[in-house]
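An overview of the molecular structure
The lines below spell out each chain.
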Amino acid sequence: MLTLLQQTGIRTLSVLDRIGRGTIFLLNILQGIPGLLPRFGLVIQQLYATGVLSLVIILVAGLFVGMVLGLQGYYTLVTYGAAESLGIFVALTLVRELGPVVAALLFAGRAGSALTAEIGLMKATEQLSAMEMMAVDPIRRVIAPRFLAGILAMPLLAAMFSAVGILGGYFVGVGLLGVDEGTFWSQLVAKVDFYDDIVNGVIKSLVFGVAVTWIAVFEGYDTVPTSEGVSLSTTKTVVHGSLAVLGLDFVLTALMFGDD
Amino acid sequence: MGVINNISKNNNKDHKMQQEPIVKIRGLRYARGDHAIFNDIDIDIERGKITAIMGPSGTGKTTLLRLIGGQLKPQAGSILVDGENISRLRHKELYQLRKRISLLFQNGALFTDINVYDNVAFPLREHTRLPESLIRSLVLMKLESVGLRGAIELMPSELSGGMARRVALARAIALDPMMVLYDEPFTGQDPITMGVLVALLRTLNENLRLTSILVSHDVQECLAIADYVYLISGGKVIEHGTPEAINSSQSEWVNQFLQGEEDGPVSFHYRAPDFSQQLLS
């Protein structure tokens, strides 16, 4: 019993310690962000690595999710004689929920894991130590550009996911199942609200971008500098990042759409 | 008149500083958990000299370099680098001091995503506002001094171990530091590369008027180029002196280390409980 209590205490302290270090780490990154403005090229490089290189998985996943939504939505709506609402169904599902959430989950798996592995290996091969010894702060030079790029990339990727998803739904609904094209688009344009739906979706993906990228860069920077350590940190990024996205999605949805 | 007095005072202060060791370690204690790595050691590193710090593997030689570079903080004692207590410096002051120190890591620690040219140019681009044409000339000069001007376009993954260390050395001297710390520069090198590195260290130290601290357990190479040697083991300085004095030492420990004997004051076995009891338990 005493051992169990001790273990619980040790684990709690360890979690609190990591949260504390993670928060200090985040504050250090935020301090470094203004210094990136005159060297925005560093952020552009990372936007390419985290954003552009994630495009294939985001676009393909968005297309198929949209197609499945079109198919499932049509079969459900048609039983109620509401097949003409397919456009609004696909668009709202993607813009409010699936776009930000699935794009963030894919981002955690594709870009988050790559960030952690890259930073972890830089630590394991003493590149971060070498930078420190050259009087260059690795948090400002390596971490801050990656963090900012992750935050900027996430809403753009989510928007592309939703756009391609709507096209997928259109292809299945209008192209294959015969829903009227004019009704599909007019319902979609009339019912999707810019502030309530699109802006809230963008806010969600921004919050997910901060959470996933923060977890990814911290796990990399805090890794045990061995091959096992880097492997464990990369796994943690995907697991913790995905759980954080799902948990935050519930909170944000409750806050944003609770009064609807 | 007051201005002249001030200049004179400053000159005297500078002259006094030049007489002082560049690194002055006093009463250094550093432990990891219960294991004391350094227990009350004193070390002086003279300016313009090559000082070798030798000892068996795991005695904390690399840790000592990290303490001198301010990457670790001692639990007790002081480390003065060019007159400044490195463990008490603020972040900004520490980084200012580090611009005058370079550390050559055991594996080179080159940035793997950029080529040789950009690796050597990295500290120049970070700390100076020199035009790219001048940076290029400086990079070419540094690479020429380590014999790798022809490798300018190569990526770190295309370099051999010895070449990577020479590129790292070119990067280390890019900002013309006052002191270079070498962490096991000869480990794992073939005899020719080792010879090249030994000659390079000596030449660079003389030509650039550097101070070099060389951490290694390669006895012959260290004794060949060092001006002064410290032997450390078990958290203590066991012996120190010129290479000649070390070679003629009567200490059993020193002789075991220099001759590479299997057993002696340094036991072959890591500390362990009684073998027979452990087998029967």
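Throughout what follows, the structure given in this document is the object of discussion.

Calculation rules
- Residues numbered from 1 in each chain as written.
- Chains lettered and ligands numbered in written order.
- Predicted model: local features only at pLDDT ≥ 70, side-chain atom pairs only at ≥ 80, totals over all residues.
- Helix = DSSP H or I, 4+ residues; strand = E, 2+ residues; numbered from the N terminus.
- Buried ≥ 20, exposed ≤ 12 C-beta atoms within 10 Å, placed from the backbone.
- Contact = placed C-beta atoms within 7 Å.
- Rg over C-alpha atoms; globule rule 2.2 N^0.38 Å.
- Pairing = 2+ DSSP bridges.
- Right-handed = clockwise from strand over helix to strand, strands pointing away.
- Expected span 1.5 Å × (residues − 1).
- Bend = angle between axes of the 7 residues up to and from the residue.
- Core = buried A, V, L, I, M, F, W, Y, C linked by C-beta atoms within 7 Å.
- Arc of directions from axis to C-beta.
- Nonpolar A, V, L, I, M, F, W, Y, C, P; charged D, E, K, R; others polar.
- Axes fitted to C-alpha atoms, helices over the stretch in contact; angles between N-to-C directions.

Side note on the overall build of chain A
What chain A contains, in helices and strands, is nine helices and zero strands. Start at the N end of chain A and walk to the C end: the helices and strands fall as α-α-α-α-α-α-α-α-α. Expressed as lengths along the three principal axes of its C-alpha atoms, the size of chain A is roughly 65 × 55 × 35 Å. Put simply, chain A has 260 residues, and 45% of those count as buried. Summarising the internal contacts of chain A: among those between residues at least 6 apart in sequence, 86% fall at separations of at least 24.

A word on the overall build of chain B
A tally of regular secondary structure across chain B gives 11 helices and 10 strands. Relative to the globule expectation of 19 Å for 281 residues, the C-alpha radius of gyration of chain B, 21 Å, shows essentially globular dimensions. The buried share of chain B, reckoned over its 281 residues, is 33%. Across chain B, contacts joining residues at least 24 apart in sequence account for 64% of those joining residues at least 6 apart.

Here's the deal with the pairing of strand β7 (residues 179-183) of chain B
Side-chain direction in a regular strand flips from residue to residue, so the side chains alternate between the two faces of the sheet. Residue and element names in this part refer to chain B. Within β7, five of the five residues are buried, leaving the element largely enclosed by the surrounding structure. Burial along β7 is two-sided: Met179, Leu181 and Asp183 facing one way and Val180 and Tyr182 facing the other are all buried. Summarising the sheet, strand β6 (residues 101-104) and β7 pair through four bridges and their orientation is parallel. Its bridge partner lying in β7, Ser102 is registered against Val180. Viewed along the sheet, the connection from β7 through helix α7 (residues 191-207) into strand β8 (residues 211-216) turns out right-handed.

Some remarks on helix α6 (residues 138-176) of chain A
Residues and elements named next belong to chain A. The terminal C-alpha atoms of α6 lie 53 Å apart, and with 39 residues this matches the ideal 57 Å at 1.5 Å per residue to within 8%. When the local axis directions of α6 are compared, the greatest deviation, roughly 35°, occurs at Ala144, which is followed within four positions by the proline Pro145. Here α6 lies mainly inside the structure; 29 of its 39 residues are buried. A positive phi of about 85° marks Gly178, the residue just after α6.

Some points on the sheet that holds strand β2 (residues 35-45) of chain B
Residues and elements named next belong to chain B. The four strands are arranged β2-β1-β4-β5 in an open sheet whose pairing can be described as antiparallel. The open sheet has two edge strands, β2 and β5 (84-85), and neither has a second partner. For strand β1 (residues 23-32) and strand β4 (residues 76-81), the ladder comprises five bridges, and the chain directions are antiparallel. Each bridged residue has a counterpart across the sheet, and for Arg26 the counterpart in β4 is Ser78.

Regarding the nonpolar core
Within the largest apolar cluster, 132 residues are counted, with the highest numbers of intra-cluster contacts made by Ala104 of chain A together with Leu181 of chain B. For this core, the element with the highest residue contribution is helix α4 (residues 86-124) of chain A, accounting for 20 residues.

Considerations on helix α5 (residues 132-145) of chain B
The α-helix advances 3.6 residues per turn, and as a result positions three or four apart in sequence lie on the same side. Residues and elements named next belong to chain B. When the terminal C-alpha atoms of α5 are compared, their 20 Å separation across 14 residues agrees well with the 20 Å that a helix rising 1.5 Å per residue should span. Those residues of α5 not exposed but buried are Val139, Lys142 and Leu143. Take α5 and look down its axis: the buried residues cluster within an arc of 95°, on one side only. Residues Ser133, Leu134, Ser137 and Glu144 are exposed on α5 and point more than 90 degrees away from its buried face. Close packing links the buried residues of α5 with α4 (116-127) and α6 (161-172).

Some remarks on unusual backbone geometry
All names here are of chain B. Phi is positive for Ala109, close to 50°, though the residue is something other than glycine. Mapping Ala109 onto the fold places it in the loop between β6 and α4. If you check the backbone angles, Glu184 has positive phi at about 45° while not being a glycine. By the secondary structure assignment, Glu184 is in the loop between β7 and α7.

Things to note about the interface of chain B and chain A
Counting residues at the interface gives 13 residues for chain B, matched by 10 residues for chain A. Residue contributions to the side of chain B that touches chain A peak at three residues, all from α4 of chain B. The residue makeup of the side of chain B that touches chain A, split by class, is six nonpolar, four polar and three charged.

Remarks on the environment of Ser78 of chain B
Residue and element names in this part refer to chain B. The residue Ser78 is located in strand β4 in this model. With 86 residues separating them along the chain, Ser78 and Ala164 place their C-alpha atoms 34 Å apart. Sequence-distant contacts of Ser78, that is, excluding residues within four places in its chain, are made with Arg26 and Asn85.

Here's the deal with the sheet that holds strand β3 (residues 50-54) of chain B
Two strands in a sheet stick together by hydrogen bonds in their backbones, pointing the same way (parallel) or opposite ways (antiparallel). Residue and element names in this part refer to chain B. The six strands lie next to each other as β6-β7-β8-β3-β9-β10, forming an open sheet whose pairing is mixed. Both edges of this open sheet fall to β6 and β10 (236-241), since each of them pairs with a single strand only. When strand polarity is set aside, the average angle formed by the axes of neighbouring strands in this sheet is 15°. By the bridge criterion, four bridges tie β3 to strand β9 (residues 228-233) in an arrangement that is parallel. Each residue of the ladder has a partner; that of Ile53, found in β9, is Tyr230. Sitting on the sheet, helix α2 (residues 61-68) is in contact with β3, β6, β7 and β8, with an inclination near 150° to β8.

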